[in-house]
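Understanding the architecture of this molecule
So the chains spell out like this:
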Amino acid sequence: MIARQFIAAIPHAQALGMEFTDVDNGRAEMRMPYDERFVGDPKTGVIHGGAVSALLDTTCGAAVMSHPRAPGGTATIDLRIDYMRAATPGQALRTRAHCYRITKSVAFVRAEALDDDDDLPVATASGAFTVEGAKK
């Protein structure tokens, strides 16, 4: 699938240890293991927000590329991330994204980042991504 191939070619996705857990039909799920190299505050052990945002952005792009109406690659136009709480130190981060609408040139996506607590997201995101020649 094009989304898996694209993500495999992104150096930051590889450096952060991102991996797919599911991707199909406009939905994508990824996982990033906890790694002390990505800690933003050594006193707390909390993962830096930049790593969280990279994971959310990458998952959103994969959701777009897996949508049946999307013909191929995409790029982020706009991504809003709301951080709800600090990720729990030592726990992997998981993201889920859903591409819920595609126009001729723009795809719209919602996502969330989670650690072991599914009921209390670490962050949520909503974004717009490029689409060239979307199928009707």
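For the structure itself, consult the block above.
What comes next is a walk through the structure.

What counts as what
Residues numbered from 1 in each chain as written. Predicted model: local features only at pLDDT ≥ 70, side-chain atom pairs only at ≥ 80, totals over all residues. Heavy atoms only, no water. Phe/Tyr/Trp six-rings, centres within 6.5 Å; stacked < 30°, edge-to-face > 60°. Lys NZ or Arg CZ within 6 Å of the ring centre and 35° of its normal. Pairing = 2+ DSSP bridges. Helix = DSSP H or I, 4+ residues; strand = E, 2+ residues; numbered from the N terminus. Buried < 20%, exposed > 50% of the residue type's maximum accessible area, 1.4 Å probe, protein only. Expected span 1.5 Å × (residues − 1). Core = buried A, V, L, I, M, F, W, Y, C linked by side-chain atoms within 4.5 Å. Contact = heavy atoms within 4.5 Å. Salt bridge = Lys/Arg side-chain N within 4 Å of Asp/Glu carboxyl O. Axes fitted to C-alpha atoms, helices over the stretch in contact; angles between N-to-C directions. Disulfide = S-S within 2.5 Å.

This part is about the packing of aromatic side chains. Taken as a whole and judged by the stated rule, the model has 0 aromatic pairs. Taking the ring centre of Y100 as reference, the NZ or CZ of R110 above it sits at 3.8 Å.

Taken together, the 6 bridges between strand β2 (residues 27–32) and strand β6 (residues 93–102) define a ladder with antiparallel strand orientation. Of the residues in β6, the one forming a bridge with E29 is R96. Relative to strand β7 (residues 106–114), β6 runs antiparallel, the two sharing 8 bridges. Looking at β7, one finds that C99 is bridged to V109.

In this section: unusual backbone geometry. A positive phi angle is found at N25, which is not glycine, with a value near 55 degrees. As for its position among the elements, N25 is in the loop between β1 (19–24) and β2. By relative accessible area, which is 49% here, N25 ends up partly exposed.

Counted at 1.5 Å a residue, the expected span for helix α3 (residues 49–65) with its 17 residues is 24 Å, and the 24 Å between its end C-alpha atoms agrees. The buried fraction of α3 amounts to 13 of the 17 residues, a majority that puts the element mostly inside the structure.

Moving on, we come to the nonpolar core. The biggest cluster of nonpolar side chains holds 38 residues, and the ones touching the most others in it are I7 and L93. Elements with a minimum of two residues in this core: β1, β2, α3, β6, β7 and β8 (123–130). With 10 residues, α3 is the single largest residue contributor to this core. Excluding its chain neighbours within four sequence positions, the residues that come into contact with L93 are M30, R31, M32, I47, V52, L55, A87, L114, D115 and V122.

Evaluated as defined, the whole model comprises 6 salt bridges. Here D35 ties to R37 by a salt bridge, and the two come within 2.8 Å at their closest N and O atoms.

Two orientations exist for strands paired in a sheet by backbone hydrogen bonds: parallel and antiparallel. Across the sheet, which stays open at both edges, the 6 strands sit in the order β1-β2-β6-β7-β8-β5 with antiparallel pairing between neighbours. Two strands bound the open sheet, and with one partner strand each, they are β1 and β5 (76–83). With strand direction ignored, the average angle separating the axes of adjacent strands in the sheet is 15 degrees. Where α3 meets the sheet, its contacts fall on β1, β2, β5, β6, β7 and β8, and the angle it forms with β6 comes to roughly 40 degrees.

Quick look at the state of the cysteines now. Within this structure, the stated rule accounts for 0 disulfides. Lacking any disulfide linkage, C60 is separated from the closest cysteine sulfur, that of C99, by 9.2 Å. Overall, the relative accessible area of 2% leaves C99 in the buried class.

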